[in-house]
Amino acid sequence: GRTAEDTERLLPLFAAALPFVALTRVAASGLYAAGKALASYVLVYAEPLLTLALALLLPGPAGLELGGVWAAVPLSQLLAALACAIVTAMDRNKG
């Protein structure tokens, strides 16, 4: 059926984002261990908030239908990884 075809087509995209999850989790843990809880919390909560926003925006308003739901998770993980890079760079520059 259509669901199986969509899964076969979109699962690699979904799985390709997993390294970004690892990066974000390690960075958040490191920041928390270093006593930088606020920066850690930003990284921890960025992904689910981004996932929610993208899951609401991509299927309907962006016209991606079910593909938008599948794309919401990897895109949110990529954006969270970018936030991770920004937060860690700012932390390094602080000292």
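Predicted model only: the values in this text are computed from it and were never measured.

Rules and cut-offs
- Residues numbered from 1 in each chain as written.
- Predicted model: local features only at pLDDT ≥ 70, side-chain atom pairs only at ≥ 80, totals over all residues.
- Heavy atoms only, no water.
- Phe/Tyr/Trp six-rings, centres within 6.5 Å; stacked < 30°, edge-to-face > 60°.
- Core = buried A, V, L, I, M, F, W, Y, C linked by side-chain atoms within 4.5 Å.
- Buried < 20%, exposed > 50% of the residue type's maximum accessible area, 1.4 Å probe, protein only.
- Helix = DSSP H or I, 4+ residues; strand = E, 2+ residues; numbered from the N terminus.
- Contact = heavy atoms within 4.5 Å.
- Salt bridge = Lys/Arg side-chain N within 4 Å of Asp/Glu carboxyl O.

(A) Inspection of the packing of aromatic side chains at higher detail. The full count for this structure, using the stated rule, is three aromatic pairs. Counting every residue linked through ring pairs, the aromatic cluster contains Tyr32, Tyr41 and Tyr45.

(B) View of the nonpolar core. Ala27, Ala28, Leu31, Ala39, Leu43, Cys84 and Val87 form the largest nonpolar core, which has seven residues in total. Only helix H2 (18–33), helix H3 (37–57) and helix H4 (65–94) provide two or more residues apiece to this core. With three residues, H2 is the single largest residue contributor to this core. Contact partners of Ala28, with chain neighbours within four places excluded, come to Ser40, Leu43 and Val44.

(C) Local environment of the pattern of salt bridges. All told, the structure shown has two salt bridges when counted by the stated rule. With its nearest N and O atoms 3.0 Å apart, the salt bridge here joins Glu47 to Arg25. Separated by 22 residues along the polypeptide, Glu47 in helix H3 and Arg25 in helix H2 bring together distant segments of the chain. Here Glu47 falls in the buried class, since its relative accessible area comes to 11%. By relative accessible area, Arg25 is classed as partly exposed at 45%. Measuring nitrogen to oxygen at the nearest pair gives 3.0 Å for the salt bridge that ties Asp91 to Lys36. With Asp91 in helix H4 and Lys36 in the loop between H2 and H3, this pair connects stretches of sequence that are 55 residues apart.

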